[in-house]
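Examining the three-dimensional arrangement
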Amino acid sequence: MTKMIETNHRKNRLLILFVFLQICAVAALGQNSASIKMNVDATEAARNVLHTTLTIPVKPGPLGLFYPKWIPGEHSPTGPINDMVGLRLSGNGKSIPWTRDPVDMFGFHCEIPAGVSELEVAFDDASQPGTTMSARLARVKWNRVLVYPRGINSDAIRVDTSIKLPGGWKFSTALPVLRERRDEVEFKEVSLTELVDSPLIAGANFRRLTLMSTPLLHEMDIAADTPAALEVKPETLLGWQNLVKEAYALYGARHYRSYRFLLTLSDVGGSEGLEHHESSEDGVGEKALSDPGQLIDLGDLLGHEYTHSWNGKYRRPADLTTPDFEQPMHGDLLWVYEGLTEYLGKVLPARSGLWTPENFRESVAAVAAEMDNQSGRKWRPLVDTATAVQFTYSSPRAWMNYRRRVDYYFEGLLLWMEADVLIRRQSQGKLSLDDFCHKFHGGQDAGPMVRTYTFDDIVNTLNEVTPYDWRGFLNGRVNMIAPRAPLGGITNGGWKLVYDEKPNEEVKFNEQQRKFVNLTYSIGLIVSTEGVVLDVNPELPAAKAGLAPGMKIVGVNGRGWSVDALHDAIAATKNVPTPTELRIDNGSFQENYKLIYRGGERYPHLERDATKPDLLSEIIKPRAR
Ligand SMILES: [Zn+2]
């Protein structure tokens, strides 16, 4: 289906002009569209290798080819160019030399000899172990296995794709299938835009669950490392079915022809969460459907990536909407694209029954506490974490509290929750952020399309729902330095952010998954289970005692390092007046540090404030049932 890009705003004119000039330039070379035939051989998936062969119609003369660099949904130049190996070009059976562009490493140049009308391109995608494949399953991202004639709009390139799978493996993708023969699948021709937006999963252990059959097909398609991992609890299946209904109740329209959750369960096949119009890549651990903590985490992931079909794919910031995979994206509105998705991605699992109300509150408490305790918020406005997405996404762990990270997700959640509560209060409970979503993301049921927006469109639609100084509200929270996190959604929603010694369930889950101890809210320290300091809050006691990332705790109050010894020592500070003694390795030197702290263990929770109506519980009430 053709994608329709609505460009009705001033900010988009530059983009239109740019695209126009680009099309003119390509047209001058005699090429403004292209048709590519691509055959992918995935039979060596267990070795993390995909082989690809492309046939591209060409004319004699110079030709530029491009490997996708800016990947939609990743908002960054993250195309895995280093995994492209074994590149060979040929025409009429003869090898054609190529050179790499000296400035843009994703570009290639060659000279097509006279008499050659078809260029054959072959290379391998040798992906890093643990990222996209395991011995029993594969996640095939088409952008990893293709190049295209440089400078042509990805909507104007047609691709005829086929794939050969390992024997007996089953697959799922949003791509329309033309025919299947044994382990070979041929797909109907689609645009390059649609192809890259429609990844495929395949695996030896496979299960297809229909979540809804009419009016539109919704499937949960699961590939797993073991047959046992495919077992789904009845309440989980019911929750997934509810998720589909709750999303429709929230938005009021769907912008896809069918939808597939492409779920992979593997501890080595790579963790993933990537949105598409008609599917989402959801890569989690092998035991995600049986382990209670991982199952809660999965609810969040599915809610988030599914929400992106509306917020991110259908409605997309104008400056994140690019004509190909070469033009840079701008991340300044990611607090909408990702922040609102982060919020709705937690509201929807709660409405669907995948989460309990307590799961929702513990998750919100963990986010609110982390944002409120980011020392970096004193120098860096929220918008800068989004504008700088090219490096904030891969920020190092050390000094993260001082640096801030991709806070546009988490603080975005808090500000959209605050907006939701504000609309509910202003309208005496008659309206909510759901009404904004209806207006902004709803409309008519239709196939995939893109409608771009700007900051002004957000402000205007909020004002259509409830007149308020939304420009001032958003400017203050997004563009200005704010020493405290926006907690108005919690406090005006009838709850308080409090700290006590009982571990927060989300904080605890993250500790187990990532093998660290999180003492951020007591002494301002995150330390690995081996004792290595991962981060400190420069304003709290651990940093004030002199600790820094990279140091290693080897002793606590005269005893050797253990996670329990550290927990016990911090818990005991309430009753013991003497400082905690820490023995530290700093490189090859050992030194003692004194930790001055009397607060005991502290973890964040939400506590009911009976003086105000409980709007947070209203927000997560089911709407579709
Ligand atoms: Zn996202």
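Residues numbered from 1 in each chain as written. Predicted model: local features only at pLDDT ≥ 70, side-chain atom pairs only at ≥ 80, totals over all residues. Heavy atoms only, no water.

1. A closer look at the confidence of the model for the protein chain
Averaged over all residues, the pLDDT of the protein chain is 94; the fraction at 70 or higher stands at 95%. Counted against residues more than four places away or in other chains, residues 1-30, with its pLDDT under 50, gives 47 contacts. (pLDDT = per-residue confidence, 0-100. Contact = heavy atoms within 4.5 Å.)

2. Focus: the sheet that holds strand S22 (residues 279-284)
Strand order across the open sheet formed by five strands is S18-S19-S20-S22-S21, with mixed pairing between neighbours. Of all strands in the sheet, those with a lone pairing partner are strand S18 (205-212) and strand S21 (272-275), marking the two edges. The sheet shows a mean angle of 15° between the axes of neighbouring strands, direction not considered. The pairing of S21 with S22 spans four bridges and is antiparallel. Its bridge partner being in S22, Glu275 is matched across the sheet by Ser280. Strands S18, strand S19 (218-224) and strand S20 (259-265) of the sheet are contacted by helix H3 (residues 234-251), whose axis makes an angle of about 50° with S18. Against the sheet, helix H4 (residues 292-307) touches S19, S20, S21 and S22, its axis set at about 160° to S22. (Pairing = 2+ DSSP bridges. Helix = DSSP H or I, 4+ residues; strand = E, 2+ residues; numbered from the N terminus. Axes fitted to C-alpha atoms, helices over the stretch in contact; angles between N-to-C directions.)

3. Some points on the sheet that holds strand S31 (residues 580-586)
Spatial ordering of the open sheet is given by S30-S29-S31-S32, a layout of four strands whose pairing is antiparallel. Strands with a single pairing partner mark the edges of an open sheet, and in this sheet they are strand S30 (559-560) and strand S32 (589-595).

4. Let's talk about helix H14 (residues 470-479)
When H14 is considered as a whole, its buried residues turn out to be Trp470, Phe473, Leu474 and Val478. Take H14 and look down its axis: the buried residues cluster within an arc of 100°, on one side only. Packing partners of the buried residues in H14 comprise helix H5 (334-337), helix H8 (382-387), helix H11 (407-426) and helix H13 (455-465). (Buried < 20%, exposed > 50% of the residue type's maximum accessible area, 1.4 Å probe, protein only. Arc of directions from axis to C-beta.)

5. Regarding the packing of aromatic side chains
One pair of aromatic rings is described through two measures. These are the centre distance and the angle between the planes. Enumeration according to the criterion identifies 28 aromatic pairs in this entry. With a centroid separation of 5.0 Å and 25° between ring planes, the pair formed by Tyr408 and Tyr409 is classed as stacked. Exposure class is identical for Tyr408 and Tyr409. Each is buried. Ring geometry for Trp470 versus Phe473: centroids 5.2 Å apart, planes at 75°, classification edge-to-face. Placement of the pair is Trp470 and Phe473 together in helix H14, with a separation of three residues, close to one helical turn. (Phe/Tyr/Trp six-rings, centres within 6.5 Å; stacked < 30°, edge-to-face > 60°.)

6. Thoughts on the coordination of the zinc ion
Coordination of the zinc ion by the protein is provided by His304 (NE2), His308 (NE2) and Glu338 (OE), with metal-donor distances spanning 2.0 to 2.1 Å. Counting gaps between the donor residues of the zinc ion yields the pattern H-x3-H-x29-E. One end of the pair, His304, is in helix H4; the other, Glu338, is in the loop between H5 and helix H6 (339-352), with 34 residues separating them in the sequence. Accessibility classification places His304 together with Glu338 in one group, the buried group. (Donors = N, O, S within 2.8 Å, 3.2 Å for Na, K, Ca; no water.)

7. Some details on a nonpolar patch on the surface
A cluster of nonpolar side chains, contributed by Trp379, Trp399 and Tyr402, occupies part of the molecular surface with about 350 Å² of accessible area. Mapped onto the fold, Trp379 is located in the loop between helix H7 (357-372) and H8. Taking relative accessible area as the criterion, Trp379 reaches 44% and is therefore assigned partly exposed. (Patch = residues over 30% accessible without salt bridge, like charges linked within 9 Å, V, L, I, M, F, W, Y side chains within 5 Å. Areas by Shrake-Rupley, 256 points an atom, 1.4 Å probe, with all protein chains shown as cover. Salt bridge = Lys/Arg side-chain N within 4 Å of Asp/Glu carboxyl O.)

8. Some details on the side chain of Ser375
With respect to the helices and strands, the residue Ser375 is situated in the loop between H7 and H8. Separated by 2.7 Å, the side chains of Ser375 and Asn401 make a polar contact. (Polar contact = N/O pair within 3.5 Å; in protein donor to acceptor, adjacent residues only side chain to side chain.)

9. Some remarks on the pattern of salt bridges
Counted according to the given criterion, the structure contains 39 salt bridges. Across the pair Glu272 and Arg139 runs a salt bridge, and its minimum N-O distance is 3.2 Å. On the criterion of sequence distance, the pair formed by Glu272 in strand S21 and Arg139 in strand S10 (residues 137-140) is long-range, its members being 133 residues apart. We classify Arg139 as buried; its relative accessible area is 2%. Overlapping salt bridges bring together Arg139, Lys141, Glu272 and Glu281 as one network.

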